[in-house]
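Next come the chains, spelled out residue by residue.
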Amino acid sequence: MENPAQNKAFPVSWDMFHRDSRALAWRLSSEGEWKAIVCITRGGLVPAGIVARELGIRTIETVCIASYHDYDNQGTLKVIKPIDPKVIDLEEGQGSGVLVIDDLVDTGKTLKVVREMLPKAHYATVYAKPVGVPMVDTFITEVSQDTWIYFPWDMGWQFQPPLSKDTAG
Ligand SMILES: O=P(O)(O)OC[C@H]1O[C@H](OP(=O)(O)OP(=O)(O)O)[C@H](O)[C@@H]1O
Ligand code: HPA
Ligand SMILES: [Mg+2]
């Protein structure tokens, strides 16, 4: 749910999201090689698909986290589906060789929970807010903490009233 303290809007179209996710893949391509992606549902599903396609990664796992929001904060986080131990134990274990992807980091609470499961993984998001930046290894665009990012899958077409009240033509 949108936070009233985040009163600036950063709307993202499908084209922008695709371009920014590709930019993330491009940046990641020079930062390492990964055997698997773990995407944080649900927001991480879309960038994970784009990054996997660009980097040729075919092992894709999910970690399913639900947050129960109230008006002032994110509330509690619950891991609904943990990570397959086969993915955790790749290479030297603890997430080494694993790329974790989410759409954005805001407070960093979600990435903190996943970092406890995969301390040696590489963490990447498309967007980041300043408080969450220390939790992410690679991201593309930073927006201010008082900004709410509107993702294309949450949006729909809507009539926009003209600035003038005179609509008679
Ligand atoms: O850095 P944080 O403050 O933890 O916030 C970032 C998380 O919040 C959003 O997910 P959300 O929990 O709303 O669920 P969703 O991905 O299923 O939409 C977003 O997709 C990130 O996963
Ligand atoms: O800015 C945001 N946009 C969408 N979902 C979010 N979850 C935390 N912050 C945000
Ligand atoms: Mg999410």
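Residues numbered from 1 in each chain as written. Chains lettered and ligands numbered in written order. Predicted model: local features only at pLDDT ≥ 70, side-chain atom pairs only at ≥ 80, totals over all residues. Heavy atoms only, no water.

Novice: I keep staring at the overall build of the protein chain and nothing clicks. Help me out?
Specialist: Tallying secondary structure elements over the protein chain gives four helices and eight strands in all. Projected onto its principal axes, the C-alpha coordinates of the protein chain cover approximately 70 × 35 × 25 Å. At a minimum sequence separation of 6, the contacts of the protein chain that also span at least 24 residues come to 59%. For the protein chain, the accessible surface area stands at approximately 10000 Å², while carbon and sulfur atoms represent 55% of it. (Helix = DSSP H or I, 4+ residues; strand = E, 2+ residues; numbered from the N terminus. Contact = heavy atoms within 4.5 Å. Areas by Shrake-Rupley, 256 points an atom, 1.4 Å probe, with all protein chains shown as cover.)

Novice: Even after reading the chapter, I still don't get the sheet that holds strand β4 (residues 77-81), so can you show me in this structure?
Specialist: Two pairing modes exist for strands in a sheet, parallel and antiparallel, and in both the strands are linked by backbone hydrogen bonds. Spatial ordering of the open sheet is given by β4-β3-β2-β5-β6-β7, a layout of six strands whose pairing is mixed. Unpaired on one side and paired on the other, β4 and β7 (138-142) mark the two borders of the sheet. The average angle at which neighbouring strand axes cross in this sheet is 25 degrees, direction not considered. Note that strand β2 (residues 36-41) and strand β5 (residues 98-105) share four bridges and pair parallel. Bridge pairing links I37 to L99 in β5. (Pairing = 2+ DSSP bridges. Axes fitted to C-alpha atoms, helices over the stretch in contact; angles between N-to-C directions.)

Novice: For this particular structure, what's the right way to read the nonpolar core?
Specialist: Among soluble globular proteins, nonpolar side chains are generally buried collectively. Core analysis: the biggest nonpolar cluster contains 21 residues, and L24, L28, I37, V51, L99 and Y127 have the highest contact counts within it. Broken down by secondary-structure element, the contributors of at least two residues to this core are α1 (14-29), β2, α2 (45-55), β5 and β6 (122-128). Considering every element that reaches this core, the biggest residue donor is α1, with four residues. In contact with L24, not counting residues within four places along its chain, are V51, A124, T125, V126, T138, F139 and I140. If you look at the next biggest cluster of nonpolar residues, it comprises 19 residues, including A36, I40, V63 and V98. (Core = buried A, V, L, I, M, F, W, Y, C linked by side-chain atoms within 4.5 Å. Buried < 20%, exposed > 50% of the residue type's maximum accessible area, 1.4 Å probe, protein only.)

Novice: Looking at this model, I keep getting lost on the UniProt feature "binding site: Mg(2+)" (unreviewed entry) in the protein chain. Mind explaining?
Specialist: As recorded in UniProt, the sites labelled "binding site: Mg(2+)" (unreviewed entry) are D103. Its location among the elements puts D103 in strand β5. (UniProt positions renumbered as here; feature names shortened; annotations may be inferred.)

Novice: Please explain the site of ligand 1 as it appears in this structure.
Specialist: Near ligand 1 you find 15 residues, and of these R42, D102, D103, T107 and T110 are the closest. R42 has a polar side-chain atom sitting 2.7 Å from an oxygen atom of ligand 1. Contacts to ligand 1 include G43, whose backbone N or O atom sits 2.9 Å from an oxygen atom. Protein coverage of the free-state accessible area of ligand 1, which is 500 Å², stands at 82%. Within the residue set of the shell around ligand 1, elements represented by two or more residues are β5 and α4 (109-117). Among the elements that make up the shell around ligand 1, the one with the highest residue count is β5 (four residues). (Near = heavy atom within 4 Å. Polar contact = N/O pair within 3.5 Å; in protein donor to acceptor, adjacent residues only side chain to side chain.)

Novice: Just to check I follow, could you spell out the pattern of salt bridges for this structure?
Specialist: Pairs can form between side chains of opposite charge whenever their charged atoms are close. Per the stated rule, a full pass over the model turns up nine salt bridges. Between E61 and K81 there is a salt bridge, with the nearest N and O atoms lying 3.0 Å from each other. Taken as a pair, E61 in strand β3 (residues 60-67) and K81 in strand β4 lie far apart in primary sequence, 20 residues in all. Residue classification places E61 among the buried positions, given a relative accessible area of 13%. Residues E116 and K112 are paired through a salt bridge, measuring 3.8 Å at the closest nitrogen-oxygen approach. Of this pair, E116 and K112 both sit in helix α4, separated by four residues, roughly a single helical turn. Relative accessible area serves as the criterion here: at 59%, E116 is assigned to the exposed category. Here K112 falls in the partly exposed class, since its relative accessible area comes to 47%. Look at the salt bridges and you will find they share partners, linking R22, R53 and E54 into a network. (Salt bridge = Lys/Arg side-chain N within 4 Å of Asp/Glu carboxyl O.)

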